[in-house]
Amino acid sequence: MIQLDRVSKRYSSPGMGSKDALKQVSLTLPAGELTFLTGHSGAGKSTLLKLIMMIERPTAGEILVDGIPLNRVGRSGIPLVRRRIGMVHQNHQLLFDRSVYDNVALPLVIAGFPRADIGKRVRAALDKVGLLSKEKLNPMMLSGGEQQRVGIARAVVNKPPLLLADEPTGNLDPELSAEIMDLFKDFARVGVAVMIATHDLSLIARYSHRLLTLREGHLVADRDETPV
Amino acid sequence: MTTKRPGRNATPLKPKRAAPVTPPRRSSGARAARSAWRDRLESWRLHHRDSARDALLRMRAAPAATAMTVLVIAIALALPAGITVLLENAQAATRGWDGNAHLSVFLKDDVDSDQQRALAATWQARDDVARTQSVTREQALAEFRELSGFGDVLDALPDNPLPPLIMVYPVDAHPDQLAALQSALNAMPEVDLAQLDVLWVQRLHAMIELAGRIVGALTLALALAVVLVVVNTIRLAIESRREEIVVIKLVGGTDGFVRRPFLYTGFWFGLAGGLVSVVLVQIALLWIGSPIDELTALYDSEYSLVGIGFVNVLVLPLFAGLLGLMGAWLAVSRHLNDIDPQLL
Ligand SMILES: Nc1ncnc2c1ncn2[C@@H]1O[C@H](COP(=O)(O)OP(=O)(O)O)[C@@H](O)[C@H]1O
Ligand SMILES: [Mg+2]
């Protein structure tokens with residue numbers, strides 16, 4: 001589903017020198033699997049996700065998303081790549097000028113789904129995250145955990161083959177984090193490739209999924225199915 | 001290397017689909033493809049409709065700011081439009097004066113009244129002459145006597161001092177044609193002097209032409225001002241919707257999708273400004289209309305004020321709408337790329 005081949009990313013800003021955020025990272029994420037991506041703060045986790053989302057471009061190396069070589073995707077092709085990826089952000093990236101329903105519907109409206117389909121799919125996604133009754137509310141009126149679930153509903157509403165999450169449980173207590181994790185597990189079970197970037201080691205410890213560890217931009221460990 | 005979504009944003013990539021998750025709306029068969037195509041068209045149309053309506057709603061949500069922008073655009077457009085209408089009126093009014101333009105051709109004293117009549121008939125037959133009118137020496141004397149009240153003085157003179165006169169009315173009152181006719185007549189042996197007394201008409205024509213050019217330049221400058229006003233308005237709108245733009249880009253919105261509401265906003269601002277400018281010009285015309293009517297009545301003229309014109313009532317707002325669209329386009333292409341998820 002995702003393949004990285006010796007991918008490096010160097011941030012350079014004039015006057016501030018440059019920073020190698022990722023160095024020669026190679027990995028493969030198959031479909032239907034949940035993978036944790038961990039590492040200290042600044043290890044390059046977010047950078048890795050941004051490269052996959054084409055928010056940033058790699059300095060070197062090749063990335064394949066769903067068979068698409070990202071190096072060959074021009075500016076106008078970026079939206080189509082992003083439509084294959086659901087992304088859950090730490091700060092949700094929800095829009096507070098519209099209802100929960102409209103937030104979740106946004107990817108479908110953008111992708112040009114027929115209106116009749118949109119209603120069905122949005123309600124299915126909201127039902128999945130347990131927020132069907134709150135579709136008319138403004139996301140501002142929801143708790144942090146609920147907002148995060150709206151973000152998840154929006155990420156999966158168009159059934160992308162790939163789901164990325166950047167610190168999705170960052171602001172949540174363990175109980176809510178567990179709920180969110182259960183959702184991700186469900187998506188992996190139906191065939192979605194899920195990657196969760198987190199530095200929350202206690203969260204990871206509770207699950208037995210594949211674990212990728214970054215340190216200073218290097219992929220230092222790839223642990224498979226470690227028992228709890 | 002098979003599937004490729006129809007329509008917008010054709011990309012060079014041909015994704016292989018091995019995903020266990022059913023991709024949205026990708027079914028095989030011509031009918032399905034056709035209906036997908038129709039869905040796409042329909043949703044594109046809906047997004048246009050929604051963008052247009054959303055742009056209007058946003059304008060209504062900030063009435064003071066909207067009114068200000070619309071008024072600025074309207075005034076910028078009303079100035080050249082109003083002056084143009086006034087110029088058209090000036091041209092229409094002076095067109096009647098052209099019709100009276102004529103040459104007074106004074107003949108030599110030895111031309112008798114029979115010769116004069118023959119001459120008048122010959123000239124009338126010319127292509128560039130509409131008609132002629134003879135004034136014999138005797139008629140001229142009688143007229144002068146009546147008008148001047150110098151009858152006694154004239155009686156004291158041994159001879160009639162007034163020359164025979166033929167008034168020549170040209171077919172075309174254009175200054176060049178008049179001048180050509182004048183020199184042709186002056187060259188004739190019987191003619192003492194062909195006098196063209198329409199210098200002021202020429203000056204008026206020149207002035208109207210000059211004014212027209214100035215209005216042209218003014219129109220250009222003010223159209224530019226309208227575009228810049230819209231650029232600035234849209235720039236602020238983009239700035240205030242930064243988060244929304246980032247989110248739309250993150251979930252796969254194309255540049256076109258992001259651009260659309262702003263383009264509509266620009267178009268609406270232009271259109272509204274154009275409509276208001278039409279109203280402003282009409283109010284101004286009503287306001288100056290009655291003094292002009294009095295004036296023309298005084299001069300016994302049939303002339304009455306020409307309005308802005310039905311065509312212009314439509315054209316001006318549409319033209320303004322296009323200016324707005326242009327401004328929005330400039331603002332969007334200049335500022336939209338500044339807002340990128342990269343800056344999260
Ligand atoms: N836009 C950027 N410009 C410059 N440096 C950046 C940028 N984004 C991240 N970095 C740097 O790259 C490194 C990796 O950052 P990041 O991927 O956010 O790490 P993580 O998500 O693991 O905490 C950090 O040292 C960070 O300071
Ligand atoms: Mg991070």
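All residue numbers here refer to positions counted from 1 along the written sequence of the relevant chain. Working convention: letters from A go to chains and numbers from 1 go to ligands, in the order in which they are written. Restriction of local features to residues with pLDDT of at least 70 applies here, the model being predicted, together with a cutoff of 80 or more for giving and counting side-chain atom pairs; totals for whole chains, interfaces and linings are based on all residues. Calculation of side-chain values draws on the structure's entire complement of heavy atoms; hydrogens and water are dropped beforehand.

Helical segments are the DSSP runs of H or I of at least four residues, strand segments are the runs of E of at least two, and each set is numbered from the N terminus. Counting secondary structure elements, chain A contains seven helices and ten strands. What you see for chain A is a C-alpha radius of gyration of 17 Å, in line with the 17 Å of a compact globule of 228 residues. On the principal axes, the C-alpha backbone points of chain A span a range of 45 × 45 × 35 Å. Relative accessibility under 20% of the residue-type maximum defines a buried residue, over 50% an exposed one, and the middle range a partly exposed one, all with a 1.4 Å probe and only protein chains included. Within chain A, the proportion of its 228 residues that are buried is 58%. Atoms considered for the radius of gyration are the C-alpha atoms alone. The globule rule reads 2.2 Å times the number of residues to the power 0.38.

Attention shifts here to the overall build of chain B. Across its full length, chain B carries ten helices and four strands. For chain B, the succession of helices and strands along the chain, N to C, is α-α-β-α-β-α-α-β-α-β-α-α-α-α. In chain B, which comprises 344 residues, the proportion classed as buried is 38%. Only heavy atoms enter the contact rule, under which two residues are in contact if any of them lie within 4.5 Å. A fraction of 78% describes how many contacts in chain B between residues 6 or more apart in sequence connect residues 24 or more apart. Shrake-Rupley sampling with a 1.4 Å probe provides the accessible areas, and residues are treated as covered by the protein chains on show and by no other component. Here chain B displays about 19800 Å² of accessible surface, and carbon together with sulfur accounts for 63% of that area.

With that settled, the discussion passes to the pattern of salt bridges. The term salt bridge refers to a pairing of a side-chain nitrogen on Lys or Arg with a carboxyl oxygen on Asp or Glu at a separation within 4 Å. The tally for this structure, following the rule as stated, stands at 29 salt bridges over all chains. The partner of A:R10 in a salt bridge is A:D20, with the nearest N and O atoms 3.0 Å apart. On the criterion of sequence distance, the pair formed by A:R10 in strand β1 (residues 2-12) and A:D20 in strand β2 (residues 18-29) is long-range, its members being ten residues apart. Its salt-bridge partner being A:D186, residue A:R189 comes within 2.9 Å of it at the nearest N-O pair. One end of the pair is A:R189 and the other is A:D186, both in helix α6 (residues 174-189) and three residues apart, which spans about a single turn. Residue A:R189 is classed as exposed on the basis of its relative accessible area of 63%. Given the relative accessible area of 23%, A:D186 is considered partly exposed. Taken together, the shared-partner salt bridges in this structure form one network comprising A:D97, A:R98, B:D54, B:R58, B:R241 and B:E244.

Let's shift gears to the packing of helix α3 (residues 100-111) of chain A against helix α4 (residues 115-128) of chain A. All names here are of chain A. Interaxial angle, 0 to 180 degrees, is taken between N-to-C directions of lines fitted to C-alpha atoms, where a helix line uses only the stretch in contact. The contact between α3 and α4 brings their axes to 9 Å, and the two run at 125 degrees. With respect to each other, α3 and α4 are oriented oblique. Like other packed secondary-structure pairs, α3 and α4 cross with a definite hand, here right-handed. Across the interface between the two elements, V100, Y101, V104, A105, L108 and V109 from α3 touch R115, I118, G119, R121, V122, R123, A125 and L126 from α4. In the scheme used here, Gly and all other residues not listed as nonpolar or charged are polar, with Ala, Val, Leu, Ile, Met, Phe, Trp, Tyr, Cys and Pro taken as nonpolar and Asp, Glu, Lys and Arg as charged. Here the contact of α3 with α4 is composed, by residue class, of ten nonpolar, one polar and three charged. Angular relationships are summarised with four words: roughly parallel below 35 degrees, roughly antiparallel beyond 145, roughly perpendicular across 65 to 115, and oblique for the angles in between. Left-handed describes a crossing whose near helix is turned anticlockwise from the far helix by less than a right angle; the clockwise case is right-handed.

Paired rings are identified among Phe, Tyr and Trp, the last through its six-membered ring, by centres lying within 6.5 Å, and are further divided according to the angle between planes into stacked (under 30 degrees), edge-to-face (over 60) and tilted (the rest). A full pass over the atoms with the stated rule returns three aromatic pairs over all chains. Each ring, one from B:F267 and one from B:W268, has its centre 5.5 Å from the other, and the planes form 55 degrees; the classification is tilted. Grouped by ring-pair contacts, the aromatic residues B:Y264, B:F267 and B:W268 constitute a single cluster. Two thresholds decide whether a charge sits over a ring: the Lys NZ or Arg CZ must be within 6 Å of the ring centre and within 35 degrees of the ring normal. Across from the ring centre of A:F187, 6.0 Å away, lies the NZ or CZ of A:K128, which sits over that ring. One cation-aromatic arrangement involves B:R131 over B:Y169; the distance from NZ or CZ to the ring centre is 3.8 Å.

Residue and element names in this part refer to chain A. As a packed pair, α3 and helix α5 (residues 144-156) sit with axes 7 Å apart at the nearest point and diverge in direction by 30 degrees. When the axes of α3 and α5 are compared, the pair comes out roughly parallel. Considering how the two elements wind past one another, α3 and α5 form a crossing that is right-handed. The segment α3 lies against α5, with V100, N103, V104 and P107 engaging V150, A153 and R154.

So, on to the pairing of strand β8 (residues 193-197) of chain A. All names here are of chain A. Burial runs high along β8: five of the five residues are buried. With burial as the criterion, each face of β8 is covered, one bearing A193, M195 and A197 and the other bearing V194 and I196. Strands qualify as paired when DSSP identifies two bridges or more between them. Bridge count between strand β3 (residues 34-39) and β8: four bridges; the pairing is parallel. Within the sheet, the bridge partner assigned to L34 lies in β8 and is V194. Pairing geometry for strand β7 (residues 162-166) and β8, over five bridges, is parallel. The partner of A165 across the bridge, within β8, is I196.

Moving on: the sheet that holds β7(A). Residue and element names in this part refer to chain A. Strand order across the open sheet formed by six strands is β6-β7-β8-β3-β9-β10, with mixed pairing between neighbours. The two strands at the open ends of the sheet, each matched to only one other strand, are β6 (85-88) and β10 (218-223). Across the sheet, the axes of successive neighbouring strands diverge by a mean angle of 20 degrees, strand direction being ignored. Running at roughly 150 degrees to β7, helix α1 (residues 45-52) makes contact with β3, β6, β7, β8 and β9 (210-215) of the sheet.

Contacts between the two partners involve 42 residues from chain A, matched on the other side by 40 residues from chain B. Contact between chain A and chain B buries roughly 3600 Å² in total, counting both sides, with carbon and sulfur atoms accounting for 58%. By convention, the term buried area covers the 1.4 Å-probe accessible surface removed from two parts as they join, with the contributions of both added. Looking at the side of chain A facing chain B, the largest losses of area belong to A:R75, A:I110 and A:R115, adding up to 16% of the total buried there. On inspection of chain A and its partner chain B, the count reaches four salt bridges. A 3.5 Å cut-off defines polar contacts: any pair of N or O atoms within that distance qualifies, except that in protein one atom must be a possible hydrogen donor and the other a possible acceptor, and neighbouring residues in sequence count only when both atoms are side-chain atoms. Seen at the junction of chain A and chain B, the total is six residue pairs in polar contact (both at pLDDT 80 or more). The set of elements that each furnish at least two residues to the side of chain A that touches chain B consists of α2 (78-82), α3 and α4 of chain A. Considering each element in turn, the side of chain A that touches chain B owes the most residues, five residues, to α3(A).

As a further point, take the site of ligand 1. Residue and element names in this part refer to chain A. Each residue is tested against the molecule or strand, and it is near if at least one of its non-hydrogen atoms lies within 4 Å. Near ligand 1, the surroundings consist of Y11, K19, A21, H40, S41, G42, A43, G44, K45, S46 and T47. Take T47: an N or O atom from its side chain is 2.5 Å from an oxygen atom of ligand 1. Contact with the protein chains hides 66% of the accessible area of ligand 1, taken as 560 Å² for the molecule alone. Mapped onto the shell around ligand 1, the elements with two or more residues apiece are β2 and α1. Considering every element that reaches the shell around ligand 1, the biggest residue donor is α1, with three residues.

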